[in-house]
Structures are given as structure tokens and as C-alpha cells.
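Understanding the architecture of this molecule
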Amino acid sequence: MAGSELKGPVRAARRSVLTEDVYERVKSLIMNGELEPGARVNIYAVARLLDVSQTPVREVLSALESEGLLTKEALRGYSVAPVLNPAQVADLYQLRLLLEPWAAGRAAERIGPGAAARLRAELDSVPQAPQGTRYEDYHAIAAHDARFHDLVAELSGSPALRESLQRTHCHLHLFRIEYEGRRSGEPTLAEHARIAEAVTAGGPEAAEQAMRDHLGAARDRFLRMGPST
């Protein structure tokens, strides 16, 4: 009886691990540009390429569509979403500059010991910027960037603001443009540290300014790296 009870969870865990592996492998193809913007993504071809069944591939492509990395059209299936152009990058940062400095200020007003510890733990999750320029190298800092900004939004106490930022999928789209290793990673981590310091100190004006400075600098970095058309 005990052995019978264990079979279900073990099988579920294996499916979860397989799906996560397929997810990271397909995402890597997109983030590294090996699947170019606009390219068709065929379920059967991906399954053959990765030597897996179609079931996890279907799940993964659906998840990547929800994250904005793929688009889906009736009768055509999935395609790789386009990379943001400079005008779109500037527009995205304009939105973030309207929302996130306010969120940082509100987070500073509401900060408590538990929230401060969460911010410090997030900073500690990526102690230094990776040097490589492929997704496999920088995915940790990309994930940290998303978590850090989401955490500040959460600590602002505004679910609507947090949801609005999540819907932009800004972190994935921006990191598709280019990651320059330490040249862009180190400033990002330093700017996050300044934001966290201001928020945990309970200074709303300093927190707002630190977030504003970070977003402006990040925008300029991505515009400098981004495509010319």
C-alpha cells in the first residue's frame, strides 16, 4: 500500500522536471537569438530537436506565449515575438518611470523588518554580475531583476500596480536586446542596492529618486545597446 501511494507524486515530479528542462532549453533558444524574431515554432519540430514528447512542448510554448516571448495566430501556430525597437524601449521606460518611483516611495513608507529582510535576501541572491553574454550565463541576473522590481511593487501595497508591471513582461523583453556582462550587470546590481538601502531606511523621497535614477540609467543602457531600427 505504501509503495502504491508513492507512485503518483514521483511521476508528477518527473513530469515537472522534464517540463522545466524543456522550458529552459526553448527559452534559451529564443533569448540567444537562435530562434529569430518572427520565426515559426513548430511543436513537432521542437519535440524532435529536444528528443522529448509533444506534451511538455505544448505546455512550454503556451507558457512562453503567456510571458510574451511567443505569439500565437489561428491556423499559423506559434512564432517568436519581435524584439523591442528603440521607440518601444523608450515607451516602456516612460511607463515604468511613472509607476515604479511611486512604488518605491510607498514601499519605504510601509517598510517593516520582514520586508527589509526580503529585500536584503534578494540582493544577496546575485552577489556579482555574470560575465557571459548568453542566456545561460545571465539568466540568474535577469531573474533577479524581475524578482527585485516585483518585490518593490508588492511592498508598495498596490496589487493593481504590481499586476500592471507584470503584464509588461519588461524584463524578458529587455534582456533579449543584449546583456553586456559586467558592463551592464554591475551597474544594475549597484543601483538595486541603492534602492533597497533607501527603502529599508524608510526614506520615501530617497527611494523614489533612487528608483528614478536606476530606470533612467537602465533605459539609456538598453537604448545604447538596442537595434538601430
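I will try to describe carefully the structure that is included in this document. (Residues numbered from 1 in each chain as written. Predicted model: local features only at pLDDT ≥ 70, side-chain atom pairs only at ≥ 80, totals over all residues. Heavy atoms only, no water.)

**Describing the sheet that holds strand S1 (residues 40-41)**
Ordered in space as S1-S3-S2, the three strands form an open sheet in which the pairing is antiparallel. Single-partner strands in this sheet number two, and they are S1 and strand S2 (70-73). Where S2 and strand S3 (residues 77-80) come together, four bridges link them in antiparallel fashion. Looking at the pairing, glutamate 73 lines up with glycine 77 of S3. Where helix H3 (residues 54-66) meets the sheet, its contacts fall on S1, S2 and S3, and the angle it forms with S2 comes to roughly 105°. (Pairing = 2+ DSSP bridges. Helix = DSSP H or I, 4+ residues; strand = E, 2+ residues; numbered from the N terminus. Contact = heavy atoms within 4.5 Å. Axes fitted to C-alpha atoms, helices over the stretch in contact; angles between N-to-C directions.)

**Quick word on the pattern of salt bridges**
In total, this model carries 16 salt bridges according to the counting rule given. Close ionic contact of arginine 162 with aspartate 150 constitutes a salt bridge, the shortest N to O distance being 2.8 Å. On the criterion of sequence distance, the pair formed by arginine 162 in helix H7 (residues 159-168) and aspartate 150 in helix H6 (residues 135-155) is long-range, its members being 12 residues apart. Classification of arginine 162 by relative accessible area gives partly exposed; the value is 26%. Between glutamate 154 and arginine 162 there is a salt bridge; the shortest N-O distance is 3.8 Å. (Salt bridge = Lys/Arg side-chain N within 4 Å of Asp/Glu carboxyl O. Buried < 20%, exposed > 50% of the residue type's maximum accessible area, 1.4 Å probe, protein only.)

**Considering the layout of surface pockets**
In this structure, the largest pocket occupies an estimated 430 Å³ of space. For the largest pocket, the lining is made up of 21 residues, of which Ala142, Ala146, Arg147, His171 and Leu172 are closest to its centre. Of all elements in the fold, only helix H1 (2-31), helix H4 (86-110), H6, H7 and helix H8 (170-177) reach the threshold of two or more residues within the lining of the largest pocket. Partitioning the lining of the largest pocket into residue classes produces nine nonpolar, five polar and seven charged. (1 Å grid on protein atoms, 1.4 Å probe; cavity = no way out; pocket = protein on both sides within 12 Å on 5 of 7 lines; lining within 4 Å. Points joined across faces, edges and corners; volume = space filled by probe spheres on them. Nonpolar A, V, L, I, M, F, W, Y, C, P; charged D, E, K, R; others polar.)

**Topic: the environment of serine 158**
Along the chain, serine 158 falls in the loop between H6 and H7. A residue is classified by how much of its surface remains accessible, and serine 158, at 18% relative accessible area, is buried.

**Some words on unusual backbone geometry**
Residue aspartate 51 is not a glycine yet carries a positive backbone phi of 60°. Tracing the chain through its elements places aspartate 51 in the loop between helix H2 (43-50) and H3. A positive phi angle is found at leucine 75, which is not glycine, with a value near 70°. Position of leucine 75 relative to the elements: it lies in the loop between S2 and S3.

**Details of the environment of glutamine 88**
Tracing the backbone through its elements, the reader meets glutamine 88 in helix H4. Residues glutamine 88 and serine 28 lie 60 residues apart in sequence; the distance between their C-alpha atoms is 23 Å.

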